[in-house]
Amino acid sequence: MTTLNRRRFLQTSAATGLAAGLPGLAHAQDPLGIALVVPSPVGEVGWSHALAMGLEPIKAEYGDGVNITILENIPEGPDADRIMNKVVSDGTRVLVAGSFGYQNGAMQIARRNPDVTVLHASGFMVAPNFSPFAAKYFQGTYLMGMAAAALSKTGKLGSVSAFAIPELITSINAFTLGAQSVNPDVEVSVVWVNSWFDPAQEQDAAKALLAQGCDVIFSNAQDTPSVVSVCEEAGAYVFNLNSSMKANAPNYYLGCVETDWSPFFVESVKAHMDGTFEGRNAFLGVEDGVVKIVDWNPDIPAETKAMIDETAAAIADGSFHPFTGRIVRQDETVGVEDGETLADEAIVSMDWHVAGVTTPLPK
């Protein structure tokens with residue numbers, strides 16, 4: 001794989017042209033050009049790292065038959081649009097647009113290039129050659145909420161969250177509902193940092209929640225271990241999404257709602273090669289091998305862990321769904337009626353918090 005940041009990409013492109021700087025991308029058929037564009041450094045942990053790792057099995061299976069390029073730390077907006085257009089014009093035929101804010105630009109590329117397969121993270125637009133993909137994080141965060149409530153001494157939980165998009169709102173809501181299944185009086189406070197990668201702001205947000213009495217923190221879509229490290233130092237339990245950060249919190253790491261994107265990426269690349277790719281809204285969970293819970297903390301009481309394991313099995317076999325009512329919204333209206341289950345379409349567009357989340361959604 002070739003990994004480039006924005007500066008190196010622009011230097012390479014300006015000096016020699018992308019096709020020369022990234023051998024093979026100019027040849028659409030042999031090898032197949034695959035490009036992943038992400039908003040933060042790939043590093044060793046986090047969202048971008050998980051996406052990059054999801055491509056490893058493709059390289060292992062096809063070898064020299066594919067040329068995979070990773071463009072990291074690409075800000076949402078005109079830069080991303082220019083870079084995605086450039087890699088496609090120079091031969092990429094499978095584009096993975098790894099951020100919600102890339103959606104409009106990536107869709108335009110798909111419409112102009114029907115021979116290009118575009119996979120877009122966390123969005124909602126669909127076209128014949130354009131599939132949004134997202135993880136059912138809520139399946140895991142519900143379980144984490146159960147553990148958090150059992151370990152919390154204050155009944156106050158917190159979340160440092162990136163952006164108020166449905167994917168992260170549902171994660172917080174399920175976390176809250178899971179906690180309430182153990183302690184109905186639990187409250188959850190949220191700090192939105194409006195960034196995918198801002199270690200200093202993430203640390204400040206975690207410290208603010210701890211100062212409010214929150215003693216279990218959910219690091220919701222941070223690409224750095226900043227929140228995890230702050231909590232370890234403070235002696236507060238903490239968990240995160242996408243990839244394990246246990247090394248940064250050996251004592252107080254509650255666990256990780258991990259994502260393994262490789263099943264979806266492998267399936268999509270194979271379909272592209274076979275000419276059978278069809279755009280769809282890929283909402284993927286434990287049943288797809290995409291969402292996994294790892295590194296449970298041994299401090300979780302045995303009785304609670306048994307309840308968690310039972311609930312996890314029910315989620316996996318479809319006999320339990322975290323968004324089955326009666327669920328009351330933050331504004332005291334009914335979000336889900338008694339006995340009803342929220343449909344996927346409503347989950348992927350969720351723009352409300354459940355009762356128990358004390359922080360209003362940003363307007």
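Up top is the structure.
Source: prediction; values computed, not measured. (Residues numbered from 1 in each chain as written. Predicted model: local features only at pLDDT ≥ 70, side-chain atom pairs only at ≥ 80, totals over all residues. Heavy atoms only, no water.)

With that settled, consider the pattern of salt bridges. Under the definition given, this model contains eight salt bridges. The closest approach of N and O atoms between arginine 93 and aspartate 115, which form a salt bridge, is 3.0 Å. Remark: aspartate 115 occurs in the loop between α6 (103-112) and β5 (117-121) and arginine 93 occurs in strand β4 (residues 92-97); sequence separation between them is 22 residues. A relative accessible area of 43% means that aspartate 115 is categorised as partly exposed. (Salt bridge = Lys/Arg side-chain N within 4 Å of Asp/Glu carboxyl O. Helix = DSSP H or I, 4+ residues; strand = E, 2+ residues; numbered from the N terminus. Buried < 20%, exposed > 50% of the residue type's maximum accessible area, 1.4 Å probe, protein only.)

Summed over all chains, the structure comprises 13 aromatic pairs. Residues phenylalanine 163 and tryptophan 196 carry aromatic rings whose centres are separated by 4.9 Å and whose planes lie at 55° to one another, so their mutual orientation is tilted. A residue pair is termed long-range when its members are at least 10 positions apart, and phenylalanine 163 in the loop between β7 (156-161) and α8 (166-182) and tryptophan 196 in the loop between β8 (187-192) and α9 (199-211) qualify at 33 residues. Of the residues examined, tryptophan 196 reaches a relative accessible area of 15% and is grouped as buried. (Phe/Tyr/Trp six-rings, centres within 6.5 Å; stacked < 30°, edge-to-face > 60°.)

Relative to the elements of secondary structure, serine 99 occurs in the loop between β4 and α6. Here serine 99 falls in the buried class, since its relative accessible area comes to 2%. Of the polar contacts made by the side chain of serine 99, one reaches the side chain of tryptophan 196; its length is 3.4 Å. (Polar contact = N/O pair within 3.5 Å; in protein donor to acceptor, adjacent residues only side chain to side chain.)

For the coordinates displayed, the defined rule picks out one cavity of 30 Å³ or more. For the largest cavity, the calculated volume is near 100 Å³. Mapped by element, the contributors of at least two residues to the lining of the largest cavity are α8 and β10 (237-242). Residues of the lining of the largest cavity, tallied by class, amount to eight nonpolar, four polar and one charged. (1 Å grid on protein atoms, 1.4 Å probe; cavity = no way out; pocket = protein on both sides within 12 Å on 5 of 7 lines; lining within 4 Å. Points joined across faces, edges and corners; volume = space filled by probe spheres on them. Nonpolar A, V, L, I, M, F, W, Y, C, P; charged D, E, K, R; others polar.)

Quick look at the pairing of strand β2 (residues 32-37) now. Extensive coverage of β2 is indicated by the burial of six of its six residues. Residues Leu32, Ile34 and Leu36 point to one face of β2 and Gly33, Ala35 and Val37 to the other, with burial holding for every one of them. In this sheet, strand β3 (residues 66-72) lies alongside β2 in parallel orientation, the contact comprising six bridges. Its bridge partner being in β3, leucine 32 is matched across the sheet by valine 66. (Pairing = 2+ DSSP bridges.)

What follows deals with the packing of helix α5 (residues 78-89) against α6. Packed helices, taken two at a time, are described by the angle their axes make and the gap between the axes. At a closest axis distance of 9 Å, the pairing of α5 and α6 adopts a crossing angle of 25°. By the angle between their axes, α5 is roughly parallel relative to α6. The handedness of the crossing between α5 and α6 comes out as right-handed. Counted together, Asp81, Met84, Asn85 and Val88 of α5 and Gly105, Ala106, Ile109 and Arg112 of α6 form the full contact between these two elements. (Axes fitted to C-alpha atoms, helices over the stretch in contact; angles between N-to-C directions. Parallel < 35°, antiparallel > 145°, perpendicular 65-115°, else oblique. Left-handed = near helix turned anticlockwise from the far one by under 90°. Contact = heavy atoms within 4.5 Å.)

Okay, the layout of surface pockets next. Each pocket or cavity is described by its volume, and for the largest pocket that value is around 190 Å³. Around the largest pocket sit 17 residues that line it, and Ser122, Ala134, Pro166, Glu167 and Val348 are the ones nearest its centre. Of all the secondary structure elements, the ones that give two or more residues to the lining of the largest pocket are β6 (130-135), α7 (137-151) and α8. For the lining of the largest pocket, the leading source of residues is α8, giving three residues. Residues belonging to the lining of the largest pocket are distributed by class as follows: 11 nonpolar, four polar and two charged.

Bear in mind that shape data such as this cannot, by itself, settle questions of function.
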